[in-house]
Amino acid sequence: MVLGAPAGDLQTRRQIGYLPELFRFQSWLTAREVLVLHCRLMRMPRPGWAAAADEALHVVGLDGRGDDKVGTFSKGMQQRLGLGVALLGEPALVVLDEPTSALDPVGRHHVRVIIRELRDRGATVFLNTHLLEEAEHVCDRVTILSKGRSLATGTLAELKVRRPSARLRVTGLPGGWWRRLASFGRWTEQGDWLLVEEMAAGRVPELVAAIVALGGRVEAVIPEQQSLEESFLKLLGET
Amino acid sequence: MSAVLTIASLTMREAVRRRLVAAFAVISIVLVGASGWAFYKLSHGGAFTSGETNLALPQAVVLFMFMFSFVVALSASAVGSLAVSSEIDSGVLQTVVARPVRRSEVLLGKWLGLAGLLGAYTAIVSGLQVAVVYWTSGFVEPDPAAAAALVFAEGVVLLTFVLLLSTRLSALAAGVIGIALFGLAWLAGVGGTLATAFNIHALHTASEVSQYLLPTNGLWQGAIYYLEPSSFVTQQLAASPVGQGDPFLALAAPPWQYLAWTAVWLVLILVLGLVSFDRREL
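Rules and cut-offs
- Residues numbered from 1 in each chain as written.
- Chains lettered and ligands numbered in written order.
- Predicted model: local features only at pLDDT ≥ 70, side-chain atom pairs only at ≥ 80, totals over all residues.
- Heavy atoms only, no water.
- Helix = DSSP H or I, 4+ residues; strand = E, 2+ residues; numbered from the N terminus.
- Rg over C-alpha atoms; globule rule 2.2 N^0.38 Å.
- Contact = heavy atoms within 4.5 Å.
- Areas by Shrake-Rupley, 256 points an atom, 1.4 Å probe, with all protein chains shown as cover.
- Lys, Arg positive; Asp, Glu negative; His and termini not counted.
- Charge placed at Lys NZ, Arg CZ, Asp CG, Glu CD.
- Phe/Tyr/Trp six-rings, centres within 6.5 Å; stacked < 30°, edge-to-face > 60°.
- Buried < 20%, exposed > 50% of the residue type's maximum accessible area, 1.4 Å probe, protein only.
- Lys NZ or Arg CZ within 6 Å of the ring centre and 35° of its normal.
- Salt bridge = Lys/Arg side-chain N within 4 Å of Asp/Glu carboxyl O.
- Pairing = 2+ DSSP bridges.
- Axes fitted to C-alpha atoms, helices over the stretch in contact; angles between N-to-C directions.
- Buried area = accessible area lost by both parts, 1.4 Å probe.

> I'd like a rundown of the overall build of chain A, residues and numbers included.
When helices and strands are tallied, chain A shows ten helices and nine strands. The C-alpha atoms of chain A give a radius of gyration of 25 Å, which is well past the 18 Å a tight globule of 239 residues would have. A separation threshold of at least 6 residues defines the contact pool for chain A, and within that pool the share at least 24 residues apart is 63%. Of the roughly 12900 Å² that chain A leaves accessible, carbon and sulfur atoms contribute 52%. Averaging the positions of the 30 positive and the 29 negative side-chain charges in chain A gives two centres separated by 3 Å.

> How would you summarise the overall build of chain B if you had to cite specific residues and measurements?
The helix and strand inventory of chain B stands at twelve helices and zero strands. Reading the helices (α) and strands (β) of chain B from amino to carboxyl end gives α-α-α-α-α-α-α-α-α-α-α-α. In terms of overall size, chain B behaves like a compact globule, its C-alpha atoms giving a radius of gyration of 20 Å where 282 residues would be expected to give roughly 19 Å. Based on the C-alpha atoms only, the size of chain B along its principal axes is roughly 65 × 45 × 30 Å. Pairs at least 24 residues apart make up 81% of the contacts formed inside chain B by residues separated by at least 6 positions. Just so you have it, chain B exposes about 12800 Å², and 72% of that area is on carbon and sulfur atoms. Distance between charge centroids for chain B: 17 Å, based on 12 positive and 13 negative side chains.

> Explain unusual backbone geometry to me, using residue names and the numbers behind them.
Leaving glycine out, the prevailing phi sign among residues is negative, and the prevailing peptide bond configuration is trans. All names here are of chain A. In this structure, Leu 3 takes a positive phi of about 50 degrees despite not being glycine. For Leu 3, the position within the fold is in the segment before α1 (10-13). In the Ramachandran plot, Lys 147 falls in the positive-phi region, its phi being about 50 degrees despite a non-glycine side chain. Along the chain, Lys 147 turns up in the loop between β4 (141-146) and β5 (149-155).

> Outline the packing of aromatic side chains, supporting the account with residue identities and numerical values.
Here the distance between the centres and the angle between the planes together describe a pair of aromatic rings. Applying the stated rule across the entire model yields eleven aromatic pairs over all chains. Both rings, one in Phe23(A) and one in Phe25(A), keep their centres 5.2 Å apart while their planes meet at 65 degrees; by these two values the pair is edge-to-face. The exposure class of Phe23(A) is buried, given its relative accessible area of 14%. Taken together, a centroid distance of 5.3 Å and an interplanar angle of 40 degrees make the contact between Phe66(B) and Trp186(B) tilted. Pair noted here: Phe66(B) is in helix α3 (residues 50-83) and Trp186(B) is in helix α8 (residues 171-198), with a separation of 120 residues, a long-range link. The structure contains a cluster of three or more aromatic residues connected by ring pairs, namely Phe24(B), Phe68(B) and Tyr121(B). Cation over ring: Arg179(A) sits above Trp178(A), and NZ or CZ is 5.2 Å from the ring centre.

> Help me get a handle on the pattern of salt bridges, residues and values and all.
A full pass over the atoms with the stated rule returns 15 salt bridges over all chains. Where Glu33(A) meets Arg13(B), a salt bridge forms, and the shortest distance between an N and an O atom there is 3.8 Å. Highlighted residues: Glu33(A) in helix α2 (residues 31-41) and Arg13(B) in helix α1 (residues 2-17), drawn from two different chains. Looking at Arg13(B), the relative accessible area reads 28%, which means it is partly exposed. Linked through salt bridges whose partners overlap, the residues forming this network are Arg32(A), Asp54(A) and Asp67(A).

> Describe in detail the sheet that holds strand β3 (residues 124-128) of chain A, supporting the description with residues and values.
Residue and element names in this part refer to chain A. Strand order in this open sheet of three strands is β1-β2-β3, and the pairing throughout is parallel. Looking at strand neighbours, the two that pair on one side only are β1 (16-19) and β3, the edges of this open sheet. Pairwise comparison of adjacent strand axes, ignoring direction, gives a mean angle of 10 degrees for this sheet. In this sheet, β3 lies alongside strand β2 (residues 93-97) in parallel orientation, the contact comprising five bridges.

> Run through the sheet that holds strand β6 (residues 165-171) of chain A, naming residues and quoting values.
Residues and elements named next belong to chain A. The antiparallel open sheet is built from four strands, whose spatial order is β7-β8-β6-β9. Edge positions in the sheet fall to β7 (186-190) and β9 (217-224), since each has one partner strand and no second. Sheet twist, expressed as the average angle between the axes of neighbouring strands with direction ignored, equals 25 degrees. Both β7 and strand β8 (residues 193-197) contribute to a ladder of five bridges, which runs antiparallel. Bridging across to β8, Trp 187 finds its partner in Val 196.

> Can you lay out the pairing of β8(A) for me, pointing to particular residues and giving the numbers?
Where burial is concerned, most of β8(A) is hidden: four out of the five residues are buried. A loop of two residues connects β7(A) with β8(A), the two strands running antiparallel in sequence, and Gly191(A) in this loop sits at a positive phi of about 65 degrees.

> Please set out the pairing of β6(A) residue by residue, giving values where relevant.
In the case of a regular strand, side chains alternate between the two sheet surfaces. All names here are of chain A. Bridging between β6 and β9 involves seven bridges; their strand directions are antiparallel. Paired with Arg 169 across the two strands is Ala 220, which belongs to β9. Of the strand pairs in this sheet, β6 and β8 are connected by three bridges, and their pairing is antiparallel. Of the residues in β8, the one forming a bridge with Leu 168 is Leu 194.

> Could you give me a rundown of the interface of chain B and chain A, with the residues and numbers involved?
Taken together, the contacts link 23 residues of chain B with 24 residues of chain A. Summed over both sides, the interface of chain B with chain A buries roughly 2200 Å², with 57% coming from carbon and sulfur. If you look at where chain B meets chain A, you find three salt bridges. Counting residues per element, the ones that place at least two in the side of chain B that touches chain A are α1 and α5 (92-97) of chain B.

All quantities given are derived from atomic positions and should not be read as evidence of function.
Quick look at the structure:
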């Protein structure tokens, strides 16, 4: 079932926008003609075609390029146009397959903004990506898939199973300090740095105060969180 | 239905934008112009008696139409082969079928658009040819509209068949197979006329079967019948004891049963193409 209707239902597909990973539009059409073609295929009322095309061109940053042939577009511009086509008709569900693979950093940022705006509008966005950093930036819930099987689903916080840690550079600590600070977490020395793992959230200020109370000088504190990539690798058994 | 018409108009627009229509227009004008010169020389050159001219003109008309029907078939095969598989390979179709349209509507739209182009091309070139032949020689074919309709049907048969192939095979394979089978069907037809003249039953049967499996040559034979006056056919048969072996001579109009079979064949192949495309993984 999709949007309360059986998968494939034609009426429901009018509310779905889709950007395939590998696609190409008719190179001999202009960007505006591509958008109008999709308005027609969506059975959108004719009077709304021109405004919908202009709006889509504006949203994806292709203002002024609407009358250029798609064949003259770079891969990134075609991807922007693909996103514009997927957004036609204010869809309730948008499926984006690797939407930023051909975009430069500015383009990626722009797409993330668009995805957040879609979410704020109440639309559901399925983002399929290999860029886990991208998922961290925009996704409320993440499913990790491997070989067609769902390994884990949840919010970012739920998937980042390891508790936060901190890396510290401290001098002047008295001997046996680690016994006095053992309650904060598991300590290891890494050269000039101390690493405390499995620490309860929000205890960094308390830890710094305890070190200072012992006579230590805190020169640097770097709080660390498990990245989604670490969770991903862990789920796949690669770490 | 609106999706079918949208895809059909898109297909026609592509042919115009990609200058396919312009290329065919230029080639056709050159060919019709050259044929006009040839027909003028044939009827006014003084090399033939009036009786010989009366025999030569229908043959020249059939030869011209034969070349033209080959152009139609070649075009049908080329555009049909590119219509589906190359668009799947490039990813164009993926964006279209994601919309609220059925795959059958997409394929029907392409079929309709390409058949429309073939129809327009056949009508224009046939009309030009009839006019040029009349102006230059005064000769009028018995029923040029029926002949043009059968040449168009021949093109649609090949287009439909190649579209079916294109739902599963690469554009190159579909196009090559279409043209090869078209040539084979014509050759089988020629073999059949010779087999009739020389009473070779096995070859005759094989030829008959081939005309039903791919009815392109059967339709072409029908077109010939409507281009040659009955007096010409009678004269040809009287002049040559094996006149029936001439592949450019048609003794009878295509029977309605054969035309009905062609219509059934078209529907069957089209439905098969729709099912094949519907089940294909994109």
